[in-house]
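# Observations on the model geometry
Each chain, written out:
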Amino acid sequence: MSKPNHRLGHWAATALCSVIALHATGVLAADITATPPAGGGFVIKGSGGQERLRVQGTGEVYVPGLPSTGTSSNLTCYDSATGQLTNCQPGLGNGATGATGATGATGPAGATGPTGATGASGTGVTGVTGPTGATGVTGPTGVTGATGASGTTGVTGPTGATGVAGPAGVTGATGANGATGVTGPAGATGVTGPAGVTGATGANGATGVTGPAGVTGATGANGATGATGPQGPQGIQGVQGNTGVTGPAGITGATGANGATGATGPVGATGATGSVSSLTAVANTIPCVNGQATTVTATCSSGNAVSGGCSTTDPLQNYLGNAIRSGTNAWACTYSCVGTPQIKAEAYCQ
């Protein structure tokens, strides 16, 4: 590490002067040259054998006593561990730039001095590149914006009107009963099958005429149960009764789903080109009433009004509220006016 702002001691100043004297050119009559062996250096020691100054053969200059000196206002850069003199970091020792002072009055031009001698061109040693600065701390993430409000639900449309129920049909007459077939002998009792699904309750038939009560016979003795006889042949089917009158129409079922859209039919042939007769323009102009809605109408003297137009002498100040075909042969324009400009309706008659 380089440590600035240390004062050179008296002995260090003397030693440095000696080194400078050794390298000065054109001052002494002859140079005093000390050439150290390879890997060695030029060393000056104190009376106690302490090393006070070392110049390495590779050019480095060490003053070991520098780290223990006091401070001063003069800037010297050196390694605090070894006392090696080093180049100062760029910008070291420069204070903050003060505010620019006010420009003083221009003084009188001084006499031109003599041209000085051209100094020797020396190339300065490039300073050591300073370390890269630490990466700055990442700033905090911004606050998430509030969620926007949900839009309002649209108004539910009105329910359509219920259609009118159709009239009930006329009740048909009850058909006559067919003749009863001959009863066959009772067959053997079959195995009981599983219970079937209960059918829908049929409509009640008409009540038949009550026959006369028969004479009650004497109760006979219970006979022994006979063996089950074989199943007798099926009896003859009775004659089919007459078809009854058609009953009333049932309630109309719900509307079925729409069927798929049929294929598009072929394009019809183009009709013959019709003729267009000429149009006749009929106009009507009136003054508009200030601050009121004023209507002007143009009426065809013959034929029908097929279209029309509206205009005013001051379109920037007057508002066209309506332009319609007010009759089969008339065109009307309604304006809201500021002032009393002229307004005109024009009908195109055919």
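Below, the structure is looked at part by part. (Residues numbered from 1 in each chain as written. Predicted model: local features only at pLDDT ≥ 70, side-chain atom pairs only at ≥ 80, totals over all residues. Heavy atoms only, no water.)

The subject of this paragraph is the pairing of strand β8 (residues 330-336). Along β8, 5 of the 7 residues are buried, which leaves the element largely enclosed by surrounding structure. By the bridge criterion, 7 bridges tie strand β5 (residues 293-299) to β8 in an arrangement that is antiparallel. Bridge pairing in β8 places Thr 294 opposite Tyr 335. Here 6 bridges tie strand β7 (residues 319-327) to β8, and the two strands are oriented antiparallel to one another. Counted as the bridge partner of Leu 320 is Tyr 335 from β8. Turn length for the β7-β8 hairpin, with the two strands adjacent in sequence and antiparallel, is 2 residues. (Buried < 20%, exposed > 50% of the residue type's maximum accessible area, 1.4 Å probe, protein only. Helix = DSSP H or I, 4+ residues; strand = E, 2+ residues; numbered from the N terminus. Pairing = 2+ DSSP bridges.)

Judged by nonpolar contacts, the single largest core of 13 residues is most densely connected at Cys 333, Tyr 335, Ile 343 and Ala 347. Only β5, β8 and β9 (342-349) provide two or more residues apiece to this core. Sorting elements by how many residues they give to this core places β9 first, with 4 residues. Aside from chain neighbours lying at most four places away, what touches Cys 333 is Thr 294, Thr 295, Val 296, Gly 309, Cys 310, Leu 320, Asn 322, Lys 344 and Ala 345. (Core = buried A, V, L, I, M, F, W, Y, C linked by side-chain atoms within 4.5 Å. Contact = heavy atoms within 4.5 Å.)

In this structure the tally under the stated criterion is 1 salt bridge. Between Glu 51 and Arg 54 there is a salt bridge, and its shortest N-O distance comes to 2.8 Å. The class of Glu 51 is partly exposed, set by a relative accessible area of 27%. (Salt bridge = Lys/Arg side-chain N within 4 Å of Asp/Glu carboxyl O.)

Our focus in this paragraph is the sheet that holds strand β1 (residues 41-45). Spatially, the 3 strands line up as an open sheet ordered β1-β2-β3, and their pairing is antiparallel. Edge strands, defined here as strands with exactly one partner in the open sheet, are β1 and β3 (61-62).

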